[in-house]
Each structure stands twice: as C-alpha cells, then as structure tokens.
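Examination of the molecular architecture
The residues making up each chain are set out below.
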Amino acid sequence: QVQLVESGGGLEQPGGSLRLSCEASGIIFRIHRMGWYRQVPGNQREMVAIISTGGNRNYAESVKGRFAISRDNAKNTVYLQMNSLKPEDTAVYYCNAYLPNSDYRYWGQGTQVTVSS
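The paragraphs below set out a description of the structure included in this document.

Broken down by element type, the protein chain carries zero helices and eleven strands. Along the protein chain, helices and strands appear, N-terminal first, in the series β-β-β-β-β-β-β-β-β-β-β. The C-alpha radius of gyration computed for the protein chain amounts to 13 Å, which stays within 12% of the reference 13 Å derived for 117 residues, consistent with globular compactness. Its C-alpha atoms give the protein chain principal-axis dimensions of about 40 × 25 × 25 Å. Each of the 117 residues in the protein chain was classed as buried or not, and the buried ones make up 40%. Put simply, 54% of the contacts in the protein chain that link residues at least 6 apart link residues at least 24 apart. In the protein chain, which carries 12 positive and 9 negative side-chain charges, the distance between the mean positions of the two groups comes to 5 Å.

Printed below as a string of structure tokens:
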C-alpha cells in the first residue's frame, strides 16, 4: 500500500519560513519523480516544485527564489523549504509521487499552510 505522509504545515507570518516534509512508503522512492502541489478552494491544483530522480528541479514562477525542493532517497522523504512566505502562499499543499513513463501517480492527504499576520 502506497502512503505519502506530509507534515510541517501550519500558521506563519508573512516573511517567515516553513519546511514541509513528505515521507513515502510502499514505493521504490528513488525511481519516482517527487513534487509539491497546492490548492486553494475553488481553484485548480497547481504545481509548486518538482524534483526528478536525477535531482533536476523545476519551480512555479511564483515561488522561484523563495522555495527549495530537495529529496533524501535514504529516508524516502522529499522536502519543501519555504522562505519569505506571502499571504498568497496560503493553500493546502500536497505531496506527489510519479513513476516516469507510466500511469502511476500518488498523492498525500495534504497539509494546510496559512500565511497571515
């Protein structure tokens, strides 16, 4: 059974930092592309950051220079370091695992991030 368990969300002030973690089980972590997505009620889920099996990173324009994605294959964990947070970063953040060239895609349950003073 595949599980992606996110942690690290919460309430933070504008300009602050949070680090999200997502621990995966039930998959061969190192061969999956990992990513973070976010969703605001009424809007579509959007890509925030993805990291390939080889460590290549892609970011949404809105978070470039502020967020950093990383992975630790030994711990089956992907991280999202979020700095200089803005109120518009408020959303539910979801962890995603994708097996390249396949139909296998998995989601975590989501963690709420709220940026407010």
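So, next bit.
Turning our eyes to something else, we now look at the packing of aromatic side chains. Tallying each qualifying case throughout the model produces one aromatic pair. Between Tyr 37 and Trp 107, the aromatic rings sit 5.0 Å apart at their centres with planes inclined by 75°, giving edge-to-face as the arrangement. Pair noted here: Tyr 37 is in strand 4 (residues 33-39) and Trp 107 is in strand 10 (residues 105-107), with a separation of 70 residues, a long-range link. Since its relative accessible area comes to 12%, Tyr 37 is described here as buried. Cation over ring: Arg 45 sits above Tyr 94, and NZ or CZ is 3.7 Å from the ring centre. Geometry around Tyr 98 places Arg 105 over its ring, the cationic atom sitting 4.7 Å from the centre.

A word on the nonpolar core. Core analysis: the biggest nonpolar cluster contains 26 residues, and Trp 36, Val 78, Leu 80, Met 82 and Tyr 93 have the highest contact counts within it. Elements represented by at least two residues in this core include exactly strand 3 (18-25), strand 4, strand 5 (46-51), strand 7 (67-72), strand 8 (77-82), strand 9 (91-98) and strand 11 (111-115). Not counting residues up to four positions away in its chain, the partners in contact with Val 78 are Leu 20, Ser 21, Cys 22, Phe 29, Met 34, Trp 36, Ile 51, Ile 69, Ser 70, Arg 71 and Cys 95.

Here the focus is the state of the cysteines. Scanning the entire structure with this criterion turns up one disulfide. Linked covalently through their sulfurs, Cys 22 and Cys 95 form a disulfide whose S-S length is 2.1 Å. Between Cys 22 and Cys 95, the S-S dihedral sits near -80°, and the bridge is therefore left-handed. One end of the pair, Cys 22, is in strand 3; the other, Cys 95, is in strand 9, and 73 residues separate them in sequence. When sorted by exposure, Cys 22 lands in the same class as Cys 95, which is buried.

Rules of the game
Residues numbered from 1 in each chain as written. Predicted model: local features only at pLDDT ≥ 70, side-chain atom pairs only at ≥ 80, totals over all residues. Heavy atoms only, no water. Helix = DSSP H or I, 4+ residues; strand = E, 2+ residues; numbered from the N terminus. Rg over C-alpha atoms; globule rule 2.2 N^0.38 Å. Buried < 20%, exposed > 50% of the residue type's maximum accessible area, 1.4 Å probe, protein only. Contact = heavy atoms within 4.5 Å. Lys, Arg positive; Asp, Glu negative; His and termini not counted. Charge placed at Lys NZ, Arg CZ, Asp CG, Glu CD. Phe/Tyr/Trp six-rings, centres within 6.5 Å; stacked < 30°, edge-to-face > 60°. Lys NZ or Arg CZ within 6 Å of the ring centre and 35° of its normal. Core = buried A, V, L, I, M, F, W, Y, C linked by side-chain atoms within 4.5 Å. Disulfide = S-S within 2.5 Å.

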